[in-house]
Amino acid sequence: MTYQPVQPTASDEIDALTEDFLEVLLEVEDNYNYPWDITDSHTEAYFTELEDQFSLMESLPEAEIVPPADRFFSQLHQRWSTVDASRVRTSLFRKFGQMVPPTWLETIVEQAHQLAANNFSQLEQQLVECVKPLWGNWVEADLVQFARPLAHAMRGETSIKQAPWQQLSEIQQIRLSMAIAKEAIGELITTEPQ
């Protein structure tokens, strides 16, 4: 009888790796704990030591770090905002796509996205700015009158007639446009990075 070596199977190799992994985990010093509690007095020292190990500030001057970091965060914010705007666009098209012309929804989302990026403060003015390109023949003061009940609703939402666009009067169309703008602004505000 000849001796044939036993070939290790994939499950044997996985078992061996698992054992090695567990052994490494168990070798960690007993007094080593990750500081989950930020109020613990040792936490600050722990994080300071970690930061010192990976500090770029020691190896590069600040002038070489800040501009690339600013570009990186600017691009990150831009991509994040694009994702948010497309998510809001999809949400509004799902809710109002059958009632409102697509170009109108697109305009409202774009305006709301620009306003969210520029941090307009008053909701009333935001609503007006969102629909103003659609209702250019209306005076801004009149549009403010339509925005005011939505911006300052005391209890819940005000009732807006939702029907196919052609069946609505021009005033009802403005009110529906404002309601869509309020929803777009609300969704963008809740998803904007802080």
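Residues numbered from 1 in each chain as written. Predicted model: local features only at pLDDT ≥ 70, side-chain atom pairs only at ≥ 80, totals over all residues. Heavy atoms only, no water.

> I keep staring at the packing of helix H5 (residues 123–131) against helix H6 (residues 140–151) and nothing clicks. Help me out?
How two helices sit against one another is set out by the angle between their axes and by the gap between those axes. Running from amino to carboxyl end, H5 crosses H6 at an angle of 125 degrees, the nearest separation of the two axes being 8 Å. Looking at the two axes, H5 sits oblique to H6. Judged by the sense of rotation from one axis to the other, the crossing of H5 with H6 is right-handed. Of the residues in H6, those touching H5 at Leu123, Glu124, Gln125, Leu127, Val128 and Glu129 are Glu140, Leu143, Val144, Ala147, Arg148, Leu150 and Ala151. Considering only residue class, the contact of H5 with H6 consists of eight nonpolar, one polar and four charged. (Axes fitted to C-alpha atoms, helices over the stretch in contact; angles between N-to-C directions. Helix = DSSP H or I, 4+ residues; strand = E, 2+ residues; numbered from the N terminus. Parallel < 35°, antiparallel > 145°, perpendicular 65-115°, else oblique. Left-handed = near helix turned anticlockwise from the far one by under 90°. Contact = heavy atoms within 4.5 Å. Nonpolar A, V, L, I, M, F, W, Y, C, P; charged D, E, K, R; others polar.)

> Help me understand the side chain of glutamine 173 in this model?
Relative to the assigned elements, glutamine 173 resides in helix H7 (residues 170–191). Apart from residues no more than four positions distant in its own chain, glutamine 173 is found in contact with Trp135, Trp165 and Leu168.

> How do you make sense of the packing of aromatic side chains when you look at a structure like this?
In this description, an aromatic ring pair is defined by two values, namely the gap between the centres and the angle between the planes. Using the criterion set out here, one finds three aromatic pairs in the structure. When the centroid spacing of 5.0 Å and the interplanar angle of 65 degrees are considered together, the rings of tryptophan 104 and tryptophan 135 count as edge-to-face. One end of the pair, tryptophan 104, is in helix H4 (residues 102–118); the other, tryptophan 135, is in the loop between H5 and H6, with 31 residues separating them in the sequence. With relative accessibility at 4%, the residue tryptophan 135 sits in the buried group. Among the aromatic residues, ring-to-ring pairing joins Trp104, Trp135 and Trp165 into one connected group. (Phe/Tyr/Trp six-rings, centres within 6.5 Å; stacked < 30°, edge-to-face > 60°. Buried < 20%, exposed > 50% of the residue type's maximum accessible area, 1.4 Å probe, protein only.)

> Got a minute to help me understand a negative patch on the surface in this structure?
Negative charge collects at one region of the surface, where Asp15, Glu19, Asp20 and Glu23 lie side by side. Mapping aspartate 20 onto the fold places it in helix H1 (residues 10–27). (Patch = residues over 30% accessible without salt bridge, like charges linked within 9 Å, V, L, I, M, F, W, Y side chains within 5 Å. Areas by Shrake-Rupley, 256 points an atom, 1.4 Å probe, with all protein chains shown as cover. Salt bridge = Lys/Arg side-chain N within 4 Å of Asp/Glu carboxyl O. Lys, Arg positive; Asp, Glu negative; His and termini not counted. Charge placed at Lys NZ, Arg CZ, Asp CG, Glu CD.)

> Teacher, can you tell me more about the nonpolar core here?
Most often, soluble globular proteins have nonpolar side chains that are buried together. Ranked by internal contacts, the top residues of the largest apolar core, which has 37 residues, are Phe96, Val100, Leu127, Trp135, Leu176, Met178 and Ile180. The set of elements that each furnish at least two residues to this core consists of helix H3 (62–96), H4, H5, H6 and H7. Sequence-distant contacts of tryptophan 135, that is, excluding residues within four places in its chain, are made with Trp104, Leu143, Trp165, Glu170, Gln173, Ile174 and Ser177. (Core = buried A, V, L, I, M, F, W, Y, C linked by side-chain atoms within 4.5 Å.)

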